[in-house]
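Inside the fold
Each chain, written out:
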Amino acid sequence: MGKNLTKRSEDYSKWYNELVVKADLAENSGVRGCMVIKPYGFAIWEKMQAGLDKMFKETGHENAYFPLFIPKSYLSKEASHVEGFAKECAVVTHYRLKNAEDGSGIVVDPDAKLEEELIVRPTSETIIWDTYRKWIQSYRDLPLLINQWANVVRWEMRTRLFLRTAEFLWQEGHTAHATKQEAIDEAELIMNVYADFVEGQMAVPVIKGVKTASERFAGAVETYCIEALMQDGKALQAGTSHFLGQNFAKAFDVKFATKEGKQEHVWATSWGVSTRLMGALVMTHSDDNGLVLPPKLAPIQVVIVPIYKGMEQLDAISEKVAPLVKALRDKDISVKFDDRDTHKPGFKFNEYELKGVPVRLAIGQRDLENGTFEVARRDTLTKEIVAEADVIGKIVSLLQEIQANIYEKALKYRESHITFVDSYEEFKNVLEEKGGFIAAHWDGSAETEERIKEETKATIRCIPINAETEQGNCMVTGKPSSKRVLFAKAY
RNA sequence: CGGGAUGUAGCGCAGUCCGGUAGCGUACACGCCUGGGGGGCGUGUGGUCGCAGGUUCAAAUCCUGUCAUCCCGACCA
């Protein structure tokens, strides 16, 4: 089992890369830093999209689509925004190719230089706010609650499948509000939507918090985030929701008339989650045998593997399985009956384990005679024999159990990897020997934060929303602090 | 952009030092046997050895250049 997969304990990073490729989620492409998302991986992403999209709509948001290209001048309108993204932008400078005169192939036509270069969006605030200026005149036009599903490009130096790719898929919400409080409420609402989705559907526990000034989104006044912990003790930022203040409204001159007839700049938020969530999903639950998927997001929830000699036996099994498949589908459970004669049962067992299918049924001659199925669950790798009459009930309850169990398991791991420390020495020890989140006092200064990052590579992942007030002293400088913040090494 | 390495069959690699016309595993195709945890045997398909020059009777191998990728740094909502 899992013979061909590197073990997590040997090389976690290698395990992850191999798993993503071998489970058919994605692979590297001919384009540096860009991945191909394969059908199985994309099916999971589609389920995530569907779940999130529903939640966005339930909270009053609508989808729209804005251009891939952003005129260079737009990007520079919000000073800190451009500073944050300038170093990783792909730029379109020409619009035409031609045959090289020396016959060496196709070259960029120097005569087709763009007057103003176009940036391939690293995020869409600027193009969207340029548009919002035209859409918003009155308080009656607010709030404006828009989301888009899109791809963006950030020219990252070092990429990894799903976790950091040069091009990635995401959704980005961009909202405009009449008051500061309304915008803050929106940013917090979305943080909670994200947390509900990630915990409820992905079964990945997260910590809600706000970012420190230095970790904030370029152009934001406040960045809310959800942070997850991976099995190797490193943190992964799973989603962010930004309160943008009036920064973009001012940069793009988006004003509205209040009830009183005064002109005011609107208040903004933006928020996003990306295909990076796929990485979080893989790294949170999977094991040395392959993927472990939460039933709510598994493209195949139940697989049925026939065990037979000769076509007569397969026919008998197929006949037995057909009504079961239909009954499960009627309950909206996705089932695959794998009657391929080209692979043996043992091969299929391993394959579906690798791909993280939550529940596997096997049925052979023995079961036909006894009126049973062998039911195996992916999370615990245990099997049991279940009577035909009970099998549907068993599957339904197993799917719920697995969803709950993998969440509990991940939560337990995370809870046991939040360590409270009060000295810098202890901090370094825990960071090196145990990993995970470290809750410590910090004096609130960017200098101290920077120093810790340089010396230990750990960053402040967030100031937890629910952190209790507790008088203490910064572990580095000894200055007073009123609550603990969470440090970790991060992806 | 600095330091290191690698480009040979779809994938993973050997062969390079010491030049002689390309091999192993796997995958793929076909046949038979097999079938309750990645099966066995046999036959077969598939490669301008990253690219461009050069040396040589002869280059995967030696020389020069070039491109790409990976790793370590720097960088990174």
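Whatever comes next refers back to the structure up there.
Right, let's walk through the structure included here. Numbering of residues begins from 1 in every chain and follows the order in which that chain's sequence is written. To read the labels, note that chains go from A and ligands from 1, taken in the order they are written. Reporting of local features is limited, given that this is a predicted model, to residues whose pLDDT is at least 70; pairs of side-chain atoms are given and counted only at 80 or more, and all residues count toward the totals for whole chains, interfaces and linings. The side-chain figures draw on all heavy atoms in the structure; neither hydrogens nor water molecules are used.

**Overview of the protein's contact with RNA strand B**
Not every one of the 33 residues close to RNA strand B is listed here, only the nearest: R154, W170, E353, R366 and D367. Among the atoms of RNA strand B close to the protein, meaning within 4 Å, 25% are from sugar or phosphate groups. Nitrogen and oxygen atoms within 3.5 Å of one another constitute a polar contact, given that in protein one can donate a hydrogen and the other can accept it, and given that sequence-neighbouring residues count only through two side-chain atoms. Residue D341 places a side-chain N or O atom 3.2 Å away from a base nitrogen belonging to RNA strand B. Separating a base nitrogen of RNA strand B from a side-chain N or O atom of E353 is a distance of 2.6 Å. The helix count covers DSSP runs of H or I at least four residues long, the strand count covers runs of E at least two residues long, and both are numbered beginning at the N terminus. Elements that contribute at least two residues to the surface near RNA strand B include exactly α10 (345-354), β19 (359-363) and α11 (365-370). A total of five residues in the surface near RNA strand B trace back to one element, the largest contributor, which is α10. Put simply, Ala, Val, Leu, Ile, Met, Phe, Trp, Tyr, Cys and Pro go in the nonpolar bin, Asp, Glu, Lys and Arg in the charged bin, and everything else, Gly too, in the polar bin. Considered class by class, the residues forming the surface near RNA strand B number ten nonpolar, six polar and 17 charged. Here a residue is considered near a molecule or strand provided that any single heavy atom belonging to it is located within 4 Å of it.

**Considerations on the pattern of salt bridges**
Throughout this description, the term salt bridge denotes a Lys or Arg side-chain nitrogen within 4 Å of a carboxyl oxygen of Asp or Glu. Tallied over the entire structure, the rule returns 31 salt bridges. In this structure, K211 engages E227 in a salt bridge whose closest nitrogen and oxygen atoms are separated by 2.8 Å. Of this pair, K211 sits in the loop between β11 (207-210) and β12 (222-229) while E227 sits in strand β12, and the two are 16 residues apart along the sequence. Here the term buried applies to any residue with accessible area under 20% of the maximum for its type, exposed to any over 50%, and partly exposed to those in between, with areas from a 1.4 Å probe on protein chains only. A relative accessible area of 1% places K211 in the buried class. Ionic contacts of the salt-bridge type, sharing partners, join the residues D24, E27, K38 and K355 into one network.

**Some words on the sheet that holds strand β8 (residues 113-120)**
In this description, strands pair whenever DSSP reports at least two bridges between them. Spatially, the three strands line up as an open sheet ordered β4-β8-β5, and their pairing is antiparallel. Of all strands in the sheet, those with a lone pairing partner are β4 (69-71) and β5 (91-94), marking the two edges. Here the average twist between neighbouring strands, direction ignored, is 40°. To obtain each axis, a line is fitted to C-alpha atoms, and for helices this fit is confined to the stretch in contact; angles are then taken between N-to-C directions over 0 to 180 degrees.

So yeah, pure geometry; function would need other evidence.
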